[in-house]
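If you want the building blocks of each chain, they are given just below.
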Amino acid sequence: MIINLLENINELSIVLLLLCTFFYYWHLKKTKRERKLSSFEFSMFIIIKLAYFLWAGSYLLLFLDRNH
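Note that the structure is predicted; figures quoted are calculated from it, not measured. (Residues numbered from 1 in each chain as written. Predicted model: local features only at pLDDT ≥ 70, side-chain atom pairs only at ≥ 80, totals over all residues. Heavy atoms only, no water.)

A.B. asks: What exactly am I supposed to notice about helix H2 (residues 39–67) here?
C.D. replies: In an α-helix, one full turn covers 3.6 residues, which means residues spaced three or four apart are oriented alike. Helix length check: H2 (29 residues) gives 42 Å between terminal C-alpha atoms against 42 Å at 1.5 Å per residue, within 8%. All of the buried residues in H2 are Glu 41, Phe 45 and Ile 48. Against helix H1 (2–34) lie the buried residues of H2. (Helix = DSSP H or I, 4+ residues; strand = E, 2+ residues; numbered from the N terminus. Expected span 1.5 Å × (residues − 1). Buried < 20%, exposed > 50% of the residue type's maximum accessible area, 1.4 Å probe, protein only. Contact = heavy atoms within 4.5 Å.)

A.B. asks: Sorry if this is basic, but what is going on with the nonpolar core here?
C.D. replies: Buried together is how nonpolar side chains tend to be arranged in soluble globular proteins. Judged by nonpolar contacts, Tyr 25, Leu 28, Leu 37, Phe 45 and Ile 48 together constitute the single largest core of 5 residues. If you list the elements that add at least two residues to this core, you get H1 and H2. Excluding residues within four positions of it along the chain, Leu 37 makes contact with Leu 28, Thr 31, Lys 32, Phe 42 and Phe 45. (Core = buried A, V, L, I, M, F, W, Y, C linked by side-chain atoms within 4.5 Å.)

A.B. asks: For this particular structure, what's the right way to read the packing of aromatic side chains?
C.D. replies: What characterises a pair of aromatic rings is the spacing of the ring centres plus the angle enclosed by the ring planes. Enumeration over the complete set of coordinates arrives at 4 aromatic pairs. Ring centres of Phe 23 and Trp 26 lie 6.4 Å apart, and the angle between their planes is 75°; this geometry places the pair in the edge-to-face category. With Phe 23 and Trp 26 both in helix H1 and 3 residues apart, the pair spans about one turn of that helix. Note on Tyr 25 and Phe 45: the rings are 5.0 Å apart at their centroids and 10° apart in plane angle, and the pair reads as stacked. Of the two residues, Tyr 25 is situated in helix H1 and Phe 45 in helix H2; the sequence distance between them amounts to 20 residues. (Phe/Tyr/Trp six-rings, centres within 6.5 Å; stacked < 30°, edge-to-face > 60°.)

A.B. asks: Could you clarify how one ought to interpret the packing of H1 against H2 in this entry?
C.D. replies: Relative placement of two packed helices is described by the angle separating their axes and the distance separating the axes. One can describe the packing of H1 onto H2 by two numbers: an axis separation of 10 Å at closest approach and a directional angle of 135°. Comparing their axes, H2 and H1 come out oblique. Considering only the axes of H1 and H2, their crossing is left-handed. In this structure, H1 contributes Ile 14, Leu 18, Thr 21, Phe 22, Tyr 24, Tyr 25, Leu 28, Lys 29 and Lys 32 to the contact, and H2 contributes Phe 40, Glu 41, Met 44, Phe 45, Ile 48, Lys 49, Tyr 52 and Trp 55. Of the residues contributing to the contact of H1 with H2, the split by class is 12 nonpolar, 1 polar and 4 charged. (Axes fitted to C-alpha atoms, helices over the stretch in contact; angles between N-to-C directions. Parallel < 35°, antiparallel > 145°, perpendicular 65-115°, else oblique. Left-handed = near helix turned anticlockwise from the far one by under 90°. Nonpolar A, V, L, I, M, F, W, Y, C, P; charged D, E, K, R; others polar.)

If you want it as structure tokens, here you go:
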């Protein structure tokens, strides 16, 4: 029972992190249209893109592995 609770909390935290990074990415994209991004903002812009790609790829591979 405690394991299920911890797994649910972990999944919820992942969803919240993805939601927050999506909104931050959206903010950076909006800011990029208005002005040039600072070096930190630009690096975050690239890192978020890369992180979403890596997360989606690893999630897909784990999903495919479970179905075999």
